[in-house]
Amino acid sequence: MTADIDKTAGPTSTPPSGPEAIKAIPVRHYGRYVSAVIAIAILVAIIYAFGQGKINWHAVPSYFFDDRIIKGVGKTLLLTVLSMLIGIVGGIVLAVMRLSKNPVTSSISWFYIWFFRGTPVLVQLFLWFNLGLVFEYIDLGPIYKDYWSDFMTPLLTALLGLGLNEAAYMAEICRAGLLAVDEGQTEAAHALGMSHGRTLRRIIIPQAMRVIVPPTGNEVINMLKTTSLVAAVQYPELFRYAQDIGQVSGAPVEMYFLAAAWYLIMTSVLSVGQYYIERYYARGSSRSLPPTPWQKVRAHLTTFSSRKVTA
């Protein structure tokens, strides 16, 4: 019976065809379209409200590249760089002291971090500026001697107030990065005869940079904005120059918007630099590096073009 069935079915059977091609239909995200429309409507409403306000917007481009504003931008960037250098160097020293087995150095580091993180930056600036009430003179022997009021210039006040305060935060960032490296790395380096200092320089710190760099980039951006506080101790930077121009020109609010625009430009540039530095130090920790902003734009454009052709 089986043979008869096979003989009958043999001539009429056809070879099985391949699987039918799957037509992928993209999922429609209607919620995205609705949220985009709402966001655009809110943005238009905000722009309209500012446009109808009693603000002389023509004053902003008129003073945007004023010599005093450009000078203030330069001083703001200089103050940011110098303060961060003080903060980073001091933070590394404090982090190593905090991790030391010596209870004296560890306690000193803990007290420093506790004090400077526990008091506002503006208060610290005023304290440095008015320490002449405590120390009338600064006497370094044959090297230097002068009145405290003459020694503590607005620039020095700004550097000490911002840099020493930043060192307390950078100490915790550096300590977290050093602790993130496995202890076996240190043990292996010591087994090879490397000193403690060389182990830090060649083994621990390069691996800790992957953890240290992202929050450090955030601290740089935050420092750039915090420099506006030094206007309170008479140091002329971007915000102080904008205030002076606003008082003379009769457009104080417009100059605040101008200063905000410059801060946005500078922080945007720093954010791009931070992204590429983070990408550089991520080489040994991830299988593939994250795409750059230009690569993301090209990928979106390619996807849009392919969808258009398919449609």
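The structure reproduced in this document is the subject of the present report. (Residues numbered from 1 in each chain as written. Predicted model: local features only at pLDDT ≥ 70, side-chain atom pairs only at ≥ 80, totals over all residues. Heavy atoms only, no water.)

### Things to note about the overall build of the protein
Here is the rule: Only runs of H or I of at least four residues qualify as helices and only runs of E of at least two qualify as strands under DSSP, and these elements are numbered from the N terminus. Exposed residues in this analysis have more than 50% of their type's maximum accessible area, buried residues have under 20%, and partly exposed residues fall in between, with area computed by a 1.4 Å probe over protein chains only. Any two residues having at least one pair of non-hydrogen atoms within 4.5 Å are treated as being in contact. Using the Shrake-Rupley algorithm and a 1.4 Å probe, accessible areas are obtained, with residue cover drawn only from the displayed protein chains.
When you go through the protein residue by residue, the secondary structure sums to 13 helices and two strands. In the protein, buried positions account for 27% of the 311 residues. The long-range fraction of contacts in the protein, counting pairs at least 24 apart against all pairs at least 6 apart in sequence, stands at 71%. If you sum the accessible surface of the protein, you get close to 20900 Å²; carbon and sulfur atoms cover 66% of it.

### So, the packing of helix α4 (residues 67-98) against helix α8 (residues 154-180)
The angle between the axes and the distance between the axes are what describe a pair of packed helices. Heads up, the rule is: Angles run from 0 to 180 degrees between N-to-C directions of axes, and those axes are lines fitted to C-alpha atoms, restricted for helices to the stretch in contact. Should an angle fall under 35 degrees it is called roughly parallel, over 145 degrees roughly antiparallel, and 65 to 115 degrees roughly perpendicular, with every other angle called oblique. Definitions for this section: a left-handed crossing has its near helix turned counterclockwise from the far helix by less than a right angle. A right-handed crossing has that turn clockwise. Charged residues are taken to be Asp, Glu, Lys and Arg, nonpolar residues to be Ala, Val, Leu, Ile, Met, Phe, Trp, Tyr, Cys and Pro, and polar residues to be all remaining types, Gly included.
Between α4 and α8, the least distance of the axes is 6 Å, while the angle of their chain directions is 40°. Accordingly, the angle class assigned to the pair α4 and α8 is oblique. Pair α4 / α8 crosses with right-handed handedness. By residue class, the composition of the contact of α4 with α8 is 18 nonpolar, five polar and four charged.

### Digging into the side chain of Thr-227
The condition that has to hold: Two N or O atoms count as a polar contact when they lie within 3.5 Å, although within protein this holds only if one can serve as hydrogen donor and the other as acceptor, and sequence-adjacent residues are included solely when both atoms are side-chain atoms.
Within the secondary structure layout, Thr-227 lies in the loop between α10 (196-226) and α11 (238-249). For Thr-227, the side chain forms a polar contact with the main-chain oxygen of Leu-224, separated by 2.5 Å. If near-sequence neighbours (up to four positions away) are discounted, Thr-227 is found in contact with Thr-76, Leu-79, Thr-80, Leu-162 and Glu-237.

### Quick word on the packing of aromatic side chains
Keep this limit in mind: Only Phe, Tyr and Trp rings take part, Trp by its six-membered ring, and two of them pair if their centres are within 6.5 Å. Stacked means planes under 30 degrees apart, edge-to-face means over 60, and tilted covers everything else. Whether a charge sits over a ring depends on NZ of Lys or CZ of Arg being within 6 Å of the ring centre and within 35 degrees of the ring normal.
Summed over all chains, the structure comprises twelve aromatic pairs. Ring plane angle 15° and centroid distance 5.0 Å describe the contact between Phe-64 and Trp-262, whose orientation is recorded as stacked. With Phe-64 in the loop between α3 (59-63) and α4 and Trp-262 in helix α12 (residues 252-281), this residue pair connects regions lying 198 residues apart in the sequence. The pair Phe-64 / Trp-262 is uniform in exposure class, with both members buried. Joined through ring pairs, the aromatic side chains of Phe-50, Trp-57 and Phe-257 make up one cluster. Above the plane of the ring of Tyr-235 lies Lys-75, whose end atom (NZ or CZ) is 5.7 Å from the centre.

### Overview of a nonpolar patch on the surface
Rules: Candidate patch residues must exceed 30% relative accessible area and have no salt bridge, after which like charges are joined if within 9 Å and Val, Leu, Ile, Met, Phe, Trp or Tyr side chains if within 5 Å. A pairing counts as a salt bridge when a side-chain nitrogen of Lys or Arg comes within 4 Å of a carboxyl oxygen of Asp or Glu.
A contiguous nonpolar patch, built from Val-34, Ile-38, Ile-42, Ile-46, Phe-50, Trp-57, Val-253, Tyr-256 and Phe-257 and spanning about 790 Å² of accessible area, is present on the exposed surface. No other element matches helix α2 (residues 30-52), which puts five residues into the nonpolar patch. Mapped onto the elements, Ile-46 comes out in helix α2. The exposure class assigned to Ile-46 is partly exposed, which follows from its relative accessible area of 43%.

### Examining the side chain of Ser-106
Its place among the elements puts Ser-106 in helix α5 (residues 103-118). Polar contacts involving the side chain of Ser-106 include one to the main-chain carbonyl oxygen of Arg-98, which spans 3.4 Å. Setting aside chain neighbours within four positions, we find Ser-106 in contact with Met-97, Arg-98 and Ser-100.

### Focus on unusual backbone geometry
If you check the backbone angles, Gln-234 has positive phi at about 70° while not being a glycine. Secondary-structure assignment places Gln-234 in the loop between α10 and α11. Given the relative accessible area of 44%, Gln-234 is considered partly exposed.

### Focus on the nonpolar core
The cut-off we apply is this: In this description, a nonpolar core means a group of buried Ala, Val, Leu, Ile, Met, Phe, Trp, Tyr and Cys residues linked to one another through side-chain atoms lying within 4.5 Å.
Counting residues in hydrophobic clusters, the biggest one holds 21 residues, and the most contacted among them are Leu-79, Leu-162 and Val-230. Listing elements by their share of this core, those giving two or more residues are α4, α6 (121-129), α8 and α10. Discounting residues that sit within four places of it in the chain, Val-230 has contacts with Leu-79, Leu-125, Ala-158, Leu-162, Tyr-235 and Glu-237. Membership of the second largest hydrophobic core comes to 16 residues, among which are Leu-224, Ile-245, Ala-251 and Ala-259.

### As for the environment of Ala-168
Tracing the backbone shows Ala-168 in helix α8. In this structure Ala-168 comes out as buried when scored by relative accessible area, which is 0%. Separated by 58 residues in the primary sequence, Ala-168 and Trp-110 place their C-alpha atoms 9.2 Å from one another. The contacts of Ala-168, once residues within four sequence positions are left out, are Leu-94, Tyr-112, Ile-113, Phe-116 and Arg-117.

### Considering the environment of Ser-228
Structurally, the position occupied by Ser-228 is in the loop between α10 and α11. With residues near it in sequence (within four places) discarded, Ser-228 still touches Glu-237, Phe-239 and Tyr-263. At 2.8 Å, the side chain of Ser-228 and the backbone oxygen of Lys-225 are in polar contact.

### Remarks on the environment of Phe-50
Here Phe-50 is to be found in helix α2. Take Phe-50: its relative accessible area is 37%, and that puts it in the partly exposed class. Sequence-distant contacts of Phe-50, that is, excluding residues within four places in its chain, are made with Ile-55, Trp-57 and Phe-257.

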